[in-house]
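Read off the chains here:
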Amino acid sequence: MSVERHIAGMLQQIARQQDIVEIAPQGTAPKAAALAYVAEQYGYTYGMAYRTGFKNSLVQVRMYRDPRPDARVREAATLTAHPQAGNGGAVPGLGQNSLTPLPDAVGAVAVLKDLITFDVMALYMADRSQKVVVYLACAVLTALLLIDKSPVEALISGGAVAVLSTVAFNVGAYRRRKIAQRLTAAGFFAVRDERGDQRFLRPGQQLPGHANPFAA
C-alpha cells in the first residue's frame, strides 16, 4: 500500500471521529510511529502496539481519541493548518508524500517509535517458564543426537543451541531496558497491565479502557 493510501485511510478513520484508530503500515515501527504522530495532531493518543498478520509481519498500533480539552484545541489547529491532508495536501509533521518526519517532529516520532517497539517486543520476551521449555528442548536435542553422534558432538551441538538461546534472551532484555530508560527520561512512567506486562504511559494517562485511554 502506498504512503498516500496509508495516510488517507488513517485520516478517514479520524474524520469519522472514531474512539479508536488502527494503524498497520506494513510492519515497521518507524512508519507506524510517523503515522501515530499524525494521529496525535488530530487529538488522538497512543494506546498500544502489537504484531499481527501472517507470521506476525505487521505492526498494529491502536490510537485512542483523547478527551482532554487541549487535544481538541490541537485537533482544531491541525484541521485549520492542513485542510487538504489526505487529499494530496501537506500532512502535519511529515514530508510531502512521505513518512519521513520533518525536523520539528523528529523527537516526538522517536519517542513514539520507542513506545511501539517496547510494546511489540513483549511478544518476544521469554518469561521463566518459556526459558525452561527452551533449555529442556536443548537437553532433548542433545539426547537425540547421542543416538547417532559421539557424546562430544552431541554436547557441543546441544550446548551451542543453548548458548545462542541465552544470547537472544539477553540481547532482547538489554534492548528493552535501554528503551525503558529513554522513555523514563522522556517523562513516561511504568505500569503493569492486566496481563502483567510492563507498559509506559504519559503523566495523567491511565491504561486504556474500552474506548478511553484516560479511563481505568
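Chemist: Hey, could you go over the overall build of the protein chain for me, with residue numbers and the actual values?
Modeler: Per the secondary structure count, the protein chain includes six helices and five strands. In sequence order, the secondary structure elements of the protein chain are arranged as α-β-α-β-β-α-α-α-α-β-β. Within the protein chain, contacts between residues separated by at least 24 positions form 60% of all contacts whose residues are at least 6 apart in sequence. Accessible surface, the protein chain: about 11800 Å² in total, of which carbon and sulfur atoms supply 60%.

Chemist: Explain the sheet that holds strand β2 (residues 44-52) to me, using residue names and the numbers behind them.
Modeler: Read across the sheet, three strands follow the order β1-β3-β2 without closing on themselves; strand pairing throughout is antiparallel. At either end of the open sheet lies a strand with only one pairing partner, and these are β1 (20-23) and β2. Averaged over all neighbouring strand pairs, the angle between strand axes comes to 20 degrees, with direction disregarded. Across eight bridges, β2 lies against strand β3 (residues 58-65) in antiparallel orientation.

Chemist: Describe in detail helix α1 (residues 3-15), supporting the description with residues and values.
Modeler: Because the α-helix completes a turn every 3.6 residues, residues three or four places apart line up on one side. The terminal C-alpha atoms of α1, which comprises 13 residues, lie 18 Å apart, in line with the 18 Å expected from a rise of 1.5 Å per residue. Within the span of α1, buried status applies to His6, Ile7, Ala8, Met10, Leu11, Gln13 and Ile14. Of the surrounding elements, those touching the buried residues of α1 are β1, α2 (29-41) and β2. Looking one or two residues past α1, glutamine 17 carries a phi angle of roughly 55 degrees, positive in sign.

Chemist: Describe the pattern of salt bridges, and please don't skip the residues or the numbers.
Modeler: If the charged atoms of two oppositely charged side chains come close together, the side chains can form a pair. Under the criterion given, the structure shown has seven salt bridges. With a closest N to O distance of 3.0 Å, arginine 68 and aspartate 66 form a salt bridge. The buried category is assigned to aspartate 66, whose relative accessible area is 1%. Its salt-bridge partner being glutamate 75, residue arginine 72 comes within 3.0 Å of it at the nearest N-O pair.

Chemist: Help me get a handle on the nonpolar core, residues and values and all.
Modeler: Core analysis: the largest hydrophobic core is formed by 39 residues, its most contacted members being Met10, Val61, Met63 and Ile116. Every element with two or more residues in this core is listed here: α1, β1, α2, β2, β3, α4 (106-121) and α6 (151-185).

Chemist: Go over the pairing of β3 with me, naming the residues and quoting the values.
Modeler: The buried count for β3 comes to six of eight residues, which makes it a mostly enclosed element. Pairing between β1 and β3: four bridges, direction antiparallel. Bridge pairing in β3 links glutamate 22 to arginine 62.

Rules behind the numbers
Residues numbered from 1 in each chain as written. Predicted model: local features only at pLDDT ≥ 70, side-chain atom pairs only at ≥ 80, totals over all residues. Heavy atoms only, no water. Helix = DSSP H or I, 4+ residues; strand = E, 2+ residues; numbered from the N terminus. Contact = heavy atoms within 4.5 Å. Areas by Shrake-Rupley, 256 points an atom, 1.4 Å probe, with all protein chains shown as cover. Pairing = 2+ DSSP bridges. Axes fitted to C-alpha atoms, helices over the stretch in contact; angles between N-to-C directions. Expected span 1.5 Å × (residues − 1). Buried < 20%, exposed > 50% of the residue type's maximum accessible area, 1.4 Å probe, protein only. Salt bridge = Lys/Arg side-chain N within 4 Å of Asp/Glu carboxyl O. Core = buried A, V, L, I, M, F, W, Y, C linked by side-chain atoms within 4.5 Å.

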